[in-house]
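Residue-level structural notes
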Amino acid sequence: MTESITIIGGGLSGLSLAIALRNHGLPVTLHEAGSYPRHRVCGEFISGISPDTLERLGISETLTDALPHRSLSWFSGNRPLRRNTLSEPALAISRHLLDDRLQQMAIRSGVDLQTRSRMKPQPGAPGLVWAAGRRPVKGNWIGLKAHIRGITTTAELEMHSGPGGYLGITPIEDGWSNACGLFKIDSSIKTKHAALLPAYLEGNGNTDLAQRIRDAEWKEGSFTAVAGFGLGLQEPMPGVLALGDSHAIIPPFTGNGMTMAFQSAEIALPHLIAFAEGKTPWPDTCKAIQTSLHKAFRKRLTAAKLIHPLLFHPAALPILSHAPMKPILHLIR
Ligand SMILES: Cc1cc2nc3c(=O)[nH]c(=O)nc-3n(C[C@H](O)[C@H](O)[C@H](O)COP(=O)(O)OP(=O)(O)OC[C@H]3O[C@@H](n4cnc5c(N)ncnc54)[C@H](O)[C@@H]3O)c2cc1C
């Protein structure tokens, strides 16, 4: 008898895993608390993904028209810090489009996709995968994002940092750019909603950019914010198999969170197939996946955790402006 797989969370890890399992003929139900399409807090550039991963998951076609960005300029406050050419392009596409494409592909492949269906973790339940994203915990960070148009940039990707956080600008589809930042929560900032984005930039010393963003055209409905999450390995939930951000959150400056979401689905895939075919009991399946996730992500999580505080420290600016880019990218992917 074939066991079915139930996935909770229809973001990148949940949707890509569901599609891949269906492509192997397995019955899959996916519960997503929200609906599609929708805007999400994300820098919307994918760094370090291999075509093989996308191929194995059966989702390559969703990224064929993603914009390949190579040039990067980095500012500290209002000052240019450095300019680089990436050896591998970062792929840019809005989550509004990407998640929607993936959910359509999931439905076409026969996934039983239930939207507006919020589920609870069920520790020990065989075949249950928790891919529900960031774990709500008290955290010091706020993530802000909006799609803007009519802003001139000095490179394809721009990064603006300061003592309180950083914001990236990434051109995406249809002439829009994504402006997405991660900032330490500042209780002195009293504005609300979309005004938070330029207010946090002002507070971070990125005053020129704050003005350019205020003057830009904003895409209606694209502003989103998220707070209440922690970076790094997430508190394990005993008896629950967690993938993607539910397993670990790599600091966003790496542009590697989406890659990790896809890779965690790729890592889990053969083990879940073996479970569904009755070859491996559920506890052994979970253990094997957890061990593989740990092995695959340990180095980059540690490196990103060490580098992240340097982005905010004025004394680290000389290092950041001269450190060779290639070895750093190698460490955080
Ligand atoms: C500020 C910021 C900027 C970022 N920028 C980038 C970037 O530029 N590049 C990059 O690669 N990564 C970036 N990331 C990280 C990236 O967005 C995540 O790593 C990625 O989305 C993780 O995918 P996931 O599938 O694990 O979770 P998600 O994509 O978050 O999906 C989880 C899904 O689960 C659903 N859900 C939650 N709870 C339940 C429930 N109880 N029942 C049912 N469904 C539920 C949610 O609605 C959601 O759809 C950024 C993150 C932040 C915070």
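Quick summary incoming for the structure in this document. (Residues numbered from 1 in each chain as written. Predicted model: local features only at pLDDT ≥ 70, side-chain atom pairs only at ≥ 80, totals over all residues. Heavy atoms only, no water.)

Helix and strand content of the protein chain: nine helices and 16 strands. Against the globule reference of 20 Å for 333 residues, the protein chain gives a C-alpha radius of gyration of 20 Å, in line with a compact fold. Each principal axis of the C-alpha distribution contributes one length, and for the protein chain these read about 65 × 40 × 40 Å. When each of the 333 residues of the protein chain is scored for burial, the buried share is 54%. (Helix = DSSP H or I, 4+ residues; strand = E, 2+ residues; numbered from the N terminus. Rg over C-alpha atoms; globule rule 2.2 N^0.38 Å. Buried < 20%, exposed > 50% of the residue type's maximum accessible area, 1.4 Å probe, protein only.)

This next bit is on the packing of aromatic side chains. Tallied over the entire structure, the rule returns five aromatic pairs. With 5.7 Å between their ring centres and 35° between their planes, W141 and F312 make a pair best called tilted. On the criterion of sequence distance, the pair formed by W141 in strand β8 (residues 141-149) and F312 in the loop between α7 (282-307) and α8 (317-322) is long-range, its members being 171 residues apart. Across this residue pair, the class does not change: W141 and F312 are buried. The residue whose ring lies beneath R134 is F229, and the NZ or CZ to ring-centre distance is 5.5 Å. Here the basic side chain of R149 rests over the ring of W176, its NZ or CZ set 4.0 Å away from the ring centre. (Phe/Tyr/Trp six-rings, centres within 6.5 Å; stacked < 30°, edge-to-face > 60°. Lys NZ or Arg CZ within 6 Å of the ring centre and 35° of its normal.)

Let us look at the site of the ligand. Around the ligand sit 35 residues in total, of which E32, G43, F45, D245 and M258 are the nearest. Between the ligand and E44, the relevant distance is 3.3 Å, taken from an oxygen atom to a main-chain nitrogen or oxygen of the residue. Take R95: an N or O atom from its side chain is 2.8 Å from an oxygen atom of the ligand. Considered on its own, the ligand offers 1,000 Å² of accessible surface; in the complex 94% of this is hidden by protein. Going through the elements one at a time, α1 (12-23), β11 (177-184) and α6 (257-276) are the ones with two or more residues in the shell around the ligand. (Near = heavy atom within 4 Å. Polar contact = N/O pair within 3.5 Å; in protein donor to acceptor, adjacent residues only side chain to side chain. Areas by Shrake-Rupley, 256 points an atom, 1.4 Å probe, with all protein chains shown as cover.)

Another aspect to go through is unusual backbone geometry. A negative phi angle is the norm for most residues apart from glycine, just as the trans form is the norm for most peptide bonds. In this structure, the amide linkage connecting Y36 to the following residue, P37, adopts the cis form with an omega of -15°. Checked against the element boundaries, P37 lands in the loop between β2 (28-31) and β3 (45-46). Look at R116: it is not a glycine, yet its phi comes out positive at around 50°.

Let us look at the packing of α1 against helix α3 (residues 95-109). One way to put it is that α1 packs onto α3 with a least axis distance of 9 Å and a crossing angle of 25°. Taken together, α1 and α3 sit at an angle that is classed as roughly parallel. As for how α1 packs across α3, the hand of that crossing is left-handed. Residue-level inspection shows L12, L15, I19, R22 and N23 of α1 in contact with α3, the latter providing R95, L98, D99, L102, Q103, M105, A106 and S109. Taken together, the residues that form the contact of α1 with α3 break down as seven nonpolar, three polar and three charged. (Axes fitted to C-alpha atoms, helices over the stretch in contact; angles between N-to-C directions. Parallel < 35°, antiparallel > 145°, perpendicular 65-115°, else oblique. Left-handed = near helix turned anticlockwise from the far one by under 90°. Contact = heavy atoms within 4.5 Å. Nonpolar A, V, L, I, M, F, W, Y, C, P; charged D, E, K, R; others polar.)

Glancing now at the nonpolar core. One recurring pattern in soluble globular proteins is that nonpolar side chains are buried together. Of all hydrophobic cores here, the largest spans 79 residues; its most connected members are I7, L17, L21, F262 and L272. If one sorts the elements of this core by residue count, α6 sits on top with 12 residues. Excluding anything up to four places from it in sequence, I7 contacts G14, L17, A18, L21, V28, T29, L30, H31, V129 and A131. Membership of the second largest hydrophobic core comes to 19 residues, among which are A146, L167, A210 and A216. (Core = buried A, V, L, I, M, F, W, Y, C linked by side-chain atoms within 4.5 Å.)

Turning our eyes to something else, we now look at the pairing of strand β5 (residues 79-92). Bridge count between β3 and β5: two bridges; the pairing is antiparallel. Within β5, the residue paired with I46 across the bridge is L91. As paired strands, strand β4 (residues 67-76) and β5 are joined by nine bridges and run antiparallel to one another. The residue bridging W74 from the neighbouring strand is R82, located in β5. Where β4 folds back onto β5 in an antiparallel hairpin, the turn is made up of two residues, including G77, whose phi is positive at roughly 60°. (Pairing = 2+ DSSP bridges.)

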